[in-house]
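# Descriptive structure summary
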Amino acid sequence: MARIGVFICHCGTNIAGVVDVDEVVKAAGKFPGVAYATEYKYLCSEPGQQTIKAAIEEHNLDRIVIGSCSPRMHEVTFRKMLMSTKINPYMLEVANIREQCSWVHTDKEKATEKAIDLTRMAVAKVCKSKPLFPDSIGVTKRALVIGGGIAGIQAALDIADAGYAVDIVEKEASIGGHMVMLDKTFPTLDCSACISTPKMVEAGAHPNVTLRAYCEVESVKGYVGNFEVDIRQKAKYVDHDTCTGCGACEVKCPIKVSSAFNQGMCDRTVMYKPFPQAVPSKPVIDALNCRKISGDGKCGVCAAVCPLKAVNFEDKGEIITEKYGAIIVATGYELIKWQDIYPEYGGGRFEDVITGIQFERLVNASGPTEGHIRRPSDGAEPKDIAIIKCVGSRDINKGKAYCSRACCMYSAKHAHQILEKIPDGSVHIFYMDVRTPGKGYEEFYDRTREDGANYIRGRVSKIFKEGNKLICKGEDTLLGKPVSVEADMVILETAMVPATDISKLTGILSIGSDTDGWVQEAHPKLRPVETQTAGIFLAGTCQGPKDIPDTVAQGSAAAVKVCSLFSKVQMETSPIISAVDREKCSGCEMCIPCCPYKAITVIEIDMHEHGKKVKMNVSDVNSGLCQGCGACAGACRSGAIDLKGYTNDQILMEVDALCL
Amino acid sequence: MSVNIKEGWEPKILAFCCNWCTYTGADLAGLNRMKYPENVRVARVPCSSRVNPQFVIRAFQKGCDGVLVCGCHPGDCHYVTGNYFTRRRFMLMKKLLEYNGIDPNRFQARWISGSEAAKFRDTVTRVSEQIKELGPNVKFREGRWS
């Protein structure tokens, strides 16, 4: 027979002011199994905890019920207290008689009745509790960072500096991401490449960092501390161990295609490094456009000129399998494909309607025009430039409901750069609101207006061509009048959207994403760099639009989470997980599709049936993967799979206790 | 089955609330000192998908007047997909209840997030009123003899 101790807390007058605590204690004393019931002013306090400990000894209790505040508040406190007693910390139930009783009711009689009911439910449940013990698992002290943008680089460097090994997987041929494409960063106007390329070089040279450029994550198995990841090394056609990056092949390559790094504003060779400062600084072949590999097979100049014979047209790529203890997702963003949704802006027909990132390349000294602002159509210097903000952002009819956060600031920066480089030019910025939440941001915006940028509040409804000019028709909502701006070039500040293949990755990793596809953090306020899956963290714009400082901060934050995980020799796991009663399991596999963590597998075991040895298929729960949701237990037809701490028996007892 | 409703009769409503959203929302309602009827008792479960239909049947069998299952909003489940299973399971469950002669309106499923304290209060209040209108649930065994 269970010997239950019931302790009811007054919480000063928080509980006792509404609930008649003595009445609850009197009722609790009569519940089946209750050996002792008492009350105390503040049970969570040190003397309160001592009272419980003393009662456990004195009355030889083997499980306890505490009627107090929400278990979300002090369940952990009381479990810790029980660790120094003979009672297992999981032989505890908390009846929530504050948040869900005394604080929400005023009728004392009814509230007391409810408190008694809640206590009875907890007593009934604890009758069926069993001691639970946390498991411990080893931790592989090697981290995987998916995405080599500034978030990934920052995270990797911080982990590496803490002394742990880290791999960066980057799908492009070089790390660097979007930041290295930018010309200058707001509001300080630092040269973006000048501050990001040293970080790239540092990551490339760090003894603890392994760069896996031109790679993609293929599959992820395992769980926190013990992930096994298949990484596909895409065919590079160049042996990077032999190649010195001399560049002879790039110079001689005869085929040119549009450069993705330069946003299609100039060409690159098919044997290429994405940009001159690429890390690793070795080229790959763009097989799709290569005459030797995908064409008539009649080129091979690169192989001929390579002094080290590093070119290998037979390269098929390979699958690398590595073990990791933690994963950071830092896959970044893309810009919305505006051409499809904005036919009124020409839908891509007008060469001189460009995007913000194209302008970044245009104004960059190493870009297609060596930093001279020239419009794509005729190479002339545009005098009047219109900037349109929120293209695809804050517009549910066309694009996304959210604000892309960085555009207000970089459009101000674009205006500043235009006015600096074209002193006799003019800039008209169409905006909905100007949002400048950041250090020095508002000041920068003020400065841009003082520079002479003309801010027009309203959206552009149509862009059309008249001679050499692009006419932007819109409304000035402050004046309540239609406006028409004649521009030589138009810059669209387009919305950030998640990387195209992010849904594939979130599927592989079993992590959530929100309605827009951004990776879901575990808690928007308090766990911003964790995902719902233990051991998988996130950093940067894969979680939602943000600017560089926030991205870098998140990279470092994710690194700290990884380091704290790695600082443990053994990791303790929650014992509230599912377990299978093999005697009952019929092997129907209904539980398997319910599990979001792929924690349940079917195994074959030897059983004895009528004295004969038979092989049976039964479900098996991986204790490292299971997070304890109990979806499987709700689905099991034979009651074989059960969630420890919330077993069928426990909950049914609770139900029965309420319905007495 | 006609039932005489005693004066001052209060229904007994059992609410299964998921730990991450609705239970948190219910706590928040307390923190904000919102008021709702006393006749709701919350049982905490890690996820709404933990609720085995058996628990609901048992509650009605034993004479509970209403059962509420609450979880995170679809797409926001702490365990990624749990509430989708809840949704499918309890769509079917309502039909089963009807088949068994229990008014399906005695059973409700709602999505209430951790920040929606007011929604928790409103839901509980409304469900409580609805159950009151339906009158006491007759326990299976009593129904058999009447």
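Here the residue index of a chain counts from 1 through its sequence in written order. Chains carry letters from A onward and ligands carry numbers from 1 onward, assigned in written order. Reporting in this predicted model follows two pLDDT cut-offs: at least 70 for local features of residues, and 80 or more for side-chain atom pairs to be given and counted; totals over whole chains, interfaces and linings ignore these cut-offs and use all residues. Excluding hydrogens and water, the side-chain figures rest on all heavy atoms present in the structure.

## Digging into the sheet that holds strand β17 (residues 318-324) of chain A
Sheet strands associate in pairs through backbone hydrogen bonding, adopting either a parallel or an antiparallel arrangement. Residues and elements named next belong to chain A. Using the following cut-off: Strands are treated as partners if at least two bridges between them are detected by DSSP. The way it works is that DSSP assigns letters per residue, a run of H or I at least four long becomes a helix, a run of E at least two long becomes a strand, and they are numbered from the N terminus. Axis lines are fitted to C-alpha atoms, over the contacting stretch for helices. Their N-to-C directions set the angle, which ranges from 0 to 180 degrees.
Reading across from one edge, β11-β12-β17 is the order of the three strands in this open sheet, with antiparallel pairing throughout. A single partner strand is all that each edge strand has here, and the edge strands are β11 (215-223) and β17. Averaged over all neighbouring strand pairs, the angle between strand axes comes to 20 degrees, with direction disregarded. Where strand β12 (residues 226-233) meets β17, seven bridges bridge the pair, whose relative direction is antiparallel.

## Digging into the domain arrangement of chain A
We count it as follows: Domain extents, as shown, originate in an automatic or database domain assignment.
Taken domain by domain, chain A holds domain 1 (4-127), domain 2 (142-332 + 501-566), domain 3 (335-497) and domain 4 (578-644). Taking only C-alpha atoms into account, the centre of domain 1 of chain A sits 35 Å from that of domain 4 of chain A.

## Section: the packing of aromatic side chains
Let me state the cut-off plainly: Under the pairing criterion, centres of Phe, Tyr and Trp rings, with the six-membered ring standing for Trp, must be within 6.5 Å; the plane angle then separates stacked pairs below 30 degrees from edge-to-face pairs above 60, leaving the rest tilted. Each residue gets one of three labels from its accessible area relative to the maximum for its type: buried under 20%, exposed over 50%, partly exposed in between, using a 1.4 Å probe on protein chains only. In this analysis the charged atom, NZ for Lys or CZ for Arg, is taken to sit over a ring once it is within 6 Å of the ring centre and within 35 degrees of the ring normal.
Throughout the structure, instances matching the rule amount to 12 aromatic pairs over all chains. Seen in terms of ring centroids, A:Tyr402 and A:Trp518 are 5.7 Å apart; in terms of plane orientation they differ by 65 degrees. Their pairing is edge-to-face. Of the two residues, A:Tyr402 sits in the loop between β21 (384-391) and α12 (407-421) while A:Trp518 sits in the loop between α14 (502-509) and β29 (536-538), which places them 116 residues apart along the sequence. The exposure class assigned to A:Tyr402 is buried, which follows from its relative accessible area of 13%. A relative accessible area of 2% places A:Trp518 in the buried class. Aromatic rings pair up to connect A:Tyr431, A:Tyr445 and A:Tyr455 into one cluster. Sitting over the face of the ring of A:Tyr445, A:Arg449 holds its NZ or CZ atom 4.4 Å from the ring centroid. B:Arg33 extends its terminal NZ or CZ atom over the ring of A:Trp103, reaching a point 3.8 Å from the ring centre.

## Some words on the sheet that holds strand β25 (residues 469-476) of chain A
Residues and elements named next belong to chain A. Spatially, the three strands line up as an open sheet ordered β24-β25-β26, and their pairing is antiparallel. A single partner strand is all that each edge strand has here, and the edge strands are β24 (460-466) and β26 (481-487). Taken over all neighbouring pairs, the strand axes of this sheet differ in orientation by 20 degrees on average, direction set aside. The pairing of β24 with β25 spans six bridges and is classified as antiparallel. Bridge pairing links Ile463 to Cys472 in β25.

## Brief notes about the interface of chain A and chain B
Where we set the bar: By definition, residues are in contact when any of their heavy atoms lie within 4.5 Å. The buried area of a pairing is the accessible area, by a 1.4 Å probe, that goes missing from both parts when the two are put together, added over both. For this analysis, a salt bridge means a side-chain nitrogen from Lys or Arg found within 4 Å of a carboxyl oxygen belonging to Asp or Glu. A 3.5 Å cut-off defines polar contacts: any pair of N or O atoms within that distance qualifies, except that in protein one atom must be a possible hydrogen donor and the other a possible acceptor, and neighbouring residues in sequence count only when both atoms are side-chain atoms. Each residue is assigned to one of three groups, with Ala, Val, Leu, Ile, Met, Phe, Trp, Tyr, Cys and Pro labelled nonpolar, Asp, Glu, Lys and Arg labelled charged, and all others, Gly among them, labelled polar.
Taken residue by residue, the interface counts 50 residues in chain A and 46 residues in chain B. A combined buried area of about 4100 Å² lies between chain A and chain B, and 55% of that area is made up of carbon and sulfur atoms. On the chain A side of the interface with chain B, the three residues burying the most area are A:Arg72, A:Gln100 and A:Trp103, jointly 16% of the side's total. Here chain A is connected to chain B by six salt bridges. The partner of B:Arg58 in a salt bridge is A:Asp656, with the nearest N and O atoms 2.7 Å apart. Counting across the chain A and chain B interface gives 20 residue pairs in polar contact (both at pLDDT 80 or more). At the level of secondary structure, the elements contributing two or more residues to the side of chain A that touches chain B comprise α3 (71-83), α4 (98-102), α5 (108-127), α16 (591-594), α17 (631-635), β34 (641-643) and α18 (648-658) of chain A. Classifying every residue of the side of chain A that touches chain B gives 23 nonpolar, 14 polar and 13 charged.

## Topic: the pattern of salt bridges
Oppositely charged side chains may form a pair once their charged atoms are brought near each other. Under the criterion given, the structure shown has 40 salt bridges over all chains. Note that A:Lys383 is salt-bridged to A:Asp424, the shortest N-O span being 3.2 Å. Taken together, the positions of A:Lys383 in the loop between α11 (356-362) and β21 and A:Asp424 in the loop between α12 and β22 (426-431) put the pair 41 residues apart, joining distant regions of the chain. Overall, the relative accessible area of 29% leaves A:Lys383 in the partly exposed class. You can call A:Asp424 exposed: its relative accessible area is 54%. Between B:Arg121 and B:Asp122 there is a salt bridge, and its shortest N-O distance comes to 3.1 Å. Residues joined in a network through salt bridges with shared partners are A:Asp117, A:Arg120, B:Lys12 and B:Arg41.

## Notes on helix α13 (residues 441-451) of chain A
All names here are of chain A. Stated formally: By construction, the arc corresponds to the directions joining the helix axis to the C-beta atoms.
Among all positions in α13, only Tyr441, Phe444, Tyr445 and Thr448 are buried. The buried side chains of α13 occupy one side of the element, clustering within an arc of 100 degrees when seen end-on. Exposed residues lying more than 90 degrees from the buried face of α13 are Glu443 and Glu450. Residues of α13 that are buried make contact with α12, β23 (454-457) and α15 (548-566).

## Some points on the nonpolar core
Put simply, the rule is: We define a nonpolar core as any set of buried Ala, Val, Leu, Ile, Met, Phe, Trp, Tyr and Cys residues linked to one another through side-chain atoms lying within 4.5 Å.
Counting residues in each nonpolar core, the largest one holds 72 residues, and the members touching the most others are A:Ile52, A:Ile64, B:Leu14 and B:Phe16. If you tally residues by element for this core, the top one is α5(A), at nine residues. Once residues within four sequence positions are removed from consideration, B:Phe16 is found in contact with A:Ile651, A:Val655, B:Ala43, B:Val45, B:Val51, B:Phe55, B:Val67, B:Leu68, B:Val69 and B:Cys70. Membership of the second largest hydrophobic core comes to 66 residues, among which are A:Val145, A:Val224, A:Val562 and A:Cys636.

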